[in-house]
Amino acid sequence: MRNLTPTSITAAFADYAKDAPSERTRSLLVSLAGHLHSFVRDNKVTPDEWMAAIDALTRAIRFTDDKRNEYILFSDLLGVSSLVDMINARPSGTPSSVLGPFHIENAPELKNGGDLWQGQVGEPLLVKGQVRDQSGKPAKGTVLAVWQNQGNGLYSQQDPSTGPTNYHARLTVADDGSFAYTTVRPVSYKVPDDGPAGDMLRALGRNAWRPAHLHMIVHAPGHQPLITEFFPEDDTWLDRDAVFGVRAPLVLPFAKVTDRAALPANLAARDKLPMPMWSATLDIVLPA
Ligand code: BEZ
Ligand code: FE
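Residue numbers here run from 1 along each chain, matching the order of that chain's written sequence. Just so you know, chain letters begin at A and ligand numbers begin at 1, following the order they were written in. Confidence filtering applies because this is a predicted model: local features only for residues at pLDDT of at least 70, side-chain atom pairs given and counted only at 80 or more, and all residues used for totals across whole chains, interfaces and linings. Computation of side-chain values: all heavy atoms of the structure, hydrogens and water removed.

Caption draft 1: Structural detail: the domain arrangement of the chain. Per the domain assignment, the segments of the chain are domain 1 (1-45) and domain 2 (81-285). Where each domain begins and ends follows an automated or database-derived domain assignment. Just the C-alpha atoms count here: the centres of domain 1 and domain 2 sit 42 Å apart.

Caption draft 2: Spotlight on the sheet that holds strand β3 (residues 168-172). Strand order in the open sheet formed by 5 strands is β3-β2-β7-β8-β9, with mixed pairing between adjacent strands. Of all the strands in the sheet, the pair left with one neighbour each is β3 and β9 (251-252). When DSSP locates at least two bridges between a pair of strands, those strands are taken to pair. Starting at the N terminus, helices and strands are each numbered in turn, a helix being any DSSP run of H or I of at least four residues and a strand any DSSP run of E of at least two.

Caption draft 3: Just the pairing of strand β2 (residues 143-148), in detail. Exposure is judged per residue with a 1.4 Å probe applied to protein chains only, and the accessible area is read against the type maximum: over 50% gives exposed, under 20% gives buried, and values in between give partly exposed. Here β2 lies mainly inside the structure; 6 of its 6 residues are buried. In β2, alternate side chains face the same way, and those of V143, A145 and W147 on one face and L144, V146 and Q148 on the other are all buried. Of the strand pairs in this sheet, β2 and β3 are connected by 5 bridges, and their pairing is antiparallel. Across the sheet, the residue bridging to V143 is T172, located in β3. Alignment of β2 against strand β7 (residues 214-219), held across 6 bridges, turns out to be antiparallel.

Caption draft 4: Representation of the site of ligand 1 within the structure. In the vicinity of ligand 1, the contacting residues are L73, D76, G100, P101, F102, Y155, Y189, V191, R210, H213, H215 and V243. At 3.2 Å from an oxygen atom of ligand 1 is found a side-chain nitrogen or oxygen belonging to H213. Take H215: an N or O atom from its side chain is 3.0 Å from an oxygen atom of ligand 1. Here, Shrake-Rupley sampling with a 1.4 Å probe gives the accessible areas, and only protein chains in the shown set may cover a residue. Relative to its unbound accessible surface of 260 Å², ligand 1 loses 99% to contact with the protein. The residue inventory of the shell around ligand 1, partitioned by class, reads 7 nonpolar, 3 polar and 2 charged. Consider each residue's heavy atoms; a residue with any of them within 4 Å of a molecule or strand counts as near. As used in this structure description, the phrase polar contact means that two N or O atoms lie within 3.5 Å; if the pair is within protein, one of them must be able to donate a hydrogen and the other to accept it, and residues adjacent in sequence are counted only when both atoms belong to side chains. Just so you know the grouping, Ala, Val, Leu, Ile, Met, Phe, Trp, Tyr, Cys and Pro go in nonpolar, Asp, Glu, Lys and Arg go in charged, and all remaining residues, Gly too, go in polar.

Caption draft 5: Inspection of the nonpolar core at higher detail. Nonpolar core, defined: a set of buried Ala, Val, Leu, Ile, Met, Phe, Trp, Tyr and Cys residues in which side-chain atoms within 4.5 Å join the residues together. Judged by nonpolar contacts, the single largest core of 40 residues is most densely connected at V131, L144, F179, M216 and I284. With 5 residues, the top contributor of residues to this core is strand β11 (residues 277-285). For this analysis, residues touch if any pair of their heavy atoms sits within 4.5 Å. Setting aside residues up to four positions removed in sequence, I284 forms contacts with T94, Q130, V131, R132, F179, M216, V218, L226 and F230. If you look at the next biggest cluster of nonpolar residues, it comprises 13 residues, including F74, L77, A208 and V243.

Written out as structure tokens, the structure is:
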């Protein structure tokens, strides 16, 4: 195609792609190019500005390895990861949220009632609840993959002083769908902001903070896995989550338990936990 203009280049791109082997891929890429072309035209993007964008993507290579992915962080901080999650979410039940970078497959098994805290730094927290389906039936056989940051704000993968699976576990719920475990109260923390994605935050006058949260993947037999997270309602950063992961039904009261006798009978650390301690109740309803 000759005599391209700033307007006709978009149709030219679509025309070049008309023999694409996959219709869905063609449609996505033509749409992406069309939006990028409009972005450039509408904003009269200069060569220096476009090179700054390319430079950020080039620098992201240096911040990406098997432990950290700066491209996913860009997606998270731009709100795209959350948007993809929300538009694909099932409309009923406990909402989903972002996975984040710290989930590990095959985390150690934790018995129902087990203890992840083990006296480590931070405030102990009892997490208990029940998993049910839409009709209220207990979701027997459900496995909960749980993970969170430590009392010092770091995930175990970021902290060479702790084992790689600290505060990562898989727990099978009881036949009545109930579960309980003790852990540390998660704390709000900053996503890694020393790379080009952090530069973007600074350019926007934004913060890198995420409110404290408990990550969970609910693996219930006969249901798609539910990737979600739960937030304490007293966290300062709930309305400024850097990765846009907060959904109102996932924000919960964290209450103080003062009476040891009120703790579930099956808690492994029941007699050792300092009182008062925190408690959160997660009533999980599987999306249809
Ligand atoms: C997190 O949940 O820990 C997380 C999510 C997105 C980006 C970075 C961290
Ligand atoms: Fe997280």
